[in-house]
Amino acid sequence: NAGVTQTPKFQVLKTGQSMTLQCAQDMNHNSMYWYRQDPGMGLRLIYYSASEGTTDKGEVPNGYNVSRLNKREFSLRLESAAPSQTSVYFCASSEQWAESEAFFGQGTRLTVV
Amino acid sequence: DAKTTQPTSMDCAEGRAANLPCNHSTISGNEYVYWYRQIHSQGPQYIIHGLKNNETNEMASLIITEDRKSSTLILPHATLRDTAVYYCIVPHLSGGSYIPTFGRGTSLIVHP
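Per-chain numbering applies: the sequence of each chain, read as written, is numbered from 1 onward. Whichever chain is written first is A, and whichever ligand is written first is 1; the rest continue in order. Only residues with pLDDT of 70 or above have their local features reported here, since the model is predicted, and side-chain atom pairs are shown and tallied only from 80 upward, although totals for entire chains, interfaces and linings are computed over all residues. Water and hydrogen atoms were dropped before computing side-chain values, which therefore reflect all heavy atoms in the structure.

Draft legend 1. Spatial organisation of the sheet that holds strand β3 (residues 19-25) of chain A. All names here are of chain A. Strand order in this open sheet of four strands is β1-β3-β8-β7, and the pairing throughout is antiparallel. Strand pairing shows two members of the sheet lacking a second neighbour, β1 (4-7) and β7 (64-68), which therefore form its edges. Neighbouring strand axes in the sheet, compared pairwise and without regard to direction, differ in orientation by 15 degrees on average. Whether two strands pair comes down to DSSP finding at least two bridges between them. In this text, helices come from DSSP runs of H or I with a minimum length of four residues, and strands from runs of E with a minimum of two, each type numbered from the N-terminal end. Where β3 and strand β8 (residues 74-78) come together, three bridges link them in antiparallel fashion. Helix axes are fitted only over the stretch in contact, all axes being lines through C-alpha atoms; the angle between N-to-C directions runs from 0 to 180 degrees.

Draft legend 2. Looking closely at the pattern of salt bridges. Residue and element names in this part refer to chain A. Salt bridges are identified by distance alone: a Lys or Arg side-chain nitrogen within 4 Å of an Asp or Glu carboxyl oxygen. All chains considered together, the criterion is met by four salt bridges over all chains. We note a salt bridge from aspartate 38 to arginine 36, for which the minimum N-O separation is 2.9 Å. Exposure is judged per residue with a 1.4 Å probe applied to protein chains only, and the accessible area is read against the type maximum: over 50% gives exposed, under 20% gives buried, and values in between give partly exposed. Residue aspartate 38 is classed as buried on the basis of its relative accessible area, which comes to 16%. With a closest N to O distance of 2.6 Å, arginine 44 and aspartate 38 form a salt bridge. Here the salt bridges share partners, and the residues they tie into one network are Arg36, Asp38 and Arg44.

Draft legend 3. Just the packing of aromatic side chains, in detail. Residue and element names in this part refer to chain B. A pair of Phe, Tyr and Trp rings is counted when the ring centres sit within 6.5 Å of each other, with Trp represented by its six-membered ring. The angle between the planes then sorts it: under 30 degrees is stacked, over 60 is edge-to-face, the rest tilted. Within the structure shown, the criterion is met by 13 aromatic pairs over all chains. Ring centres 6.4 Å apart and planes at 65 degrees place the aromatic pair tyrosine 34 and tyrosine 46 in the edge-to-face group. Within this pair, whereas tyrosine 34 is found in strand β3 (residues 33-38), its partner tyrosine 46 is found in strand β4 (residues 45-50), the two being separated by twelve residues in sequence. A relative accessible area of 0% means that tyrosine 34 is categorised as buried. Overall, tyrosine 46 belongs to the buried group, its relative accessible area being 17%.

Draft legend 4. Main features of the nonpolar core. Nine residue types can take part in a nonpolar core, namely buried Ala, Val, Leu, Ile, Met, Phe, Trp, Tyr and Cys, and a core is a set of them joined through side-chain atoms within 4.5 Å. Grouped together as the largest cluster of nonpolar side chains are 21 residues, with contacts concentrated most on Trp35, Leu73, Tyr86 and Leu108 of chain B. Among the nonpolar cores identified, the runner-up in size contains 20 residues, and Leu21, Val60, Phe74 and Cys91 of chain A belong to it.

Draft legend 5. Representation of the interface of chain A and chain B in the model. We call two residues in contact when some of their heavy atoms are within 4.5 Å. Contact residues are listed per partner, giving 23 residues for chain A and 23 residues for chain B. Carbon and sulfur atoms make up 57% of the surface buried where chain A meets chain B, a total of about 1,900 Å² over both sides. Counting the contacts that link chain A with chain B gives zero salt bridges. Two N or O atoms count as a polar contact when they lie within 3.5 Å, although within protein this holds only if one can serve as hydrogen donor and the other as acceptor, and sequence-adjacent residues are included solely when both atoms are side-chain atoms. Inspection of the region where chain A meets chain B yields five residue pairs in polar contact (both at pLDDT 80 or more). Secondary-structure elements contributing two or more residues to the side of chain A that touches chain B are β4 (31-37), β5 (43-49) and β10 (102-104) of chain A. Once two parts are brought into contact, the accessible area they lose, counted with a 1.4 Å probe and summed over both, makes up the buried area.

Draft legend 6. Summary view of the state of the cysteines. We call a pair of cysteine sulfur atoms a disulfide whenever their separation is within 2.5 Å. Inspection of the entire model under this criterion finds two disulfides over all chains. Across the disulfide, cysteine 23 of chain A is cross-linked to cysteine 91 of chain A (sulfur-sulfur distance 1.8 Å). Torsion about the S-S bond of the cysteine 23 of chain A and cysteine 91 of chain A cystine: about -75 degrees, corresponding to left-handed handedness. Highlighted residues: cysteine 23 of chain A in strand β3 and cysteine 91 of chain A in strand β9 (residues 87-94), separated in sequence by 68 residues. Residue cysteine 23 of chain A is classed as buried on the basis of its relative accessible area of 3%. For cysteine 91 of chain A, a relative accessible area of 0% corresponds to the buried category. Between the sulfur of cysteine 22 of chain B and that of cysteine 88 of chain B lies a disulfide, 2.1 Å long from S to S.

Draft legend 7. Structural detail: the confidence of the model for chain A. As a per-residue measure, pLDDT tells how confident the predictor is, with possible values from 0 to 100. Averaged over all residues, the pLDDT of chain A equals 93, while 96% of them reach at least 70. Mean pLDDT across the elements of chain A bottoms out in β10 of chain A (92) and peaks in β8 of chain A (98).

Draft legend 8. Structural detail: the pairing of β3 of chain B. All names here are of chain B. Most of β3 sits out of view: six of its six residues are buried. Side chains of β3 alternate between two faces, with Val33, Trp35 and Arg37 and Tyr34, Tyr36 and Gln38 buried alike. The antiparallel pairing of β3 with β4 creates a hairpin that spans six residues between the two strands, and histidine 40 there sits at a positive phi of about 50 degrees. Here five bridges tie β3 to strand β8 (residues 84-89), and the two strands are oriented antiparallel to one another. For glutamine 38, the partnering residue across the bridge sits in β8 and is valine 85.

The structure is reproduced here in structure tokens:
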């Protein structure tokens, strides 16, 4: 069982470039989440998808878009990367946060220069 | 939103119990308390969760006060591998979904 898989693990972008972070889970979970974590900080929610076909903004959605491609996959897109988006990005999935645990990927370390 | 308050850092001797407190005074009656930990910069790892009753699993125990305004995570015999940042989370209901919010957590250092 792979759990939650994120690709790529590392990425360096130039300011203004675009890219898509991929996330896939094999646990048949309904809910998926994207977080970012800046140095010395906790995780901040960017977007989430409560179920296939739905997406909603979290705390820090500006500069990002998401797509829930199917039940397994939830992608995060940076249309025009900025240095302020340098961070570690984590994807998570759960059946439903209220009563079940969430599983996290190992993160994507993104640097925007 | 049921915000949580945790000490910034704690330390513990190896083999002793580590007791990590969390305040969540605005918690609603149907909101759970979750604990996660993050070792180095890995993805957070689930530890335990509870609603009203105390809970125990192979990793830890969770003690929730009767008024549910605070809780304590107990690692009964801390090891060096338990050095991590521990997050206390109370997911809140928004638009039909429970939204988990992470604070800065407690940095626990277990020393020999």
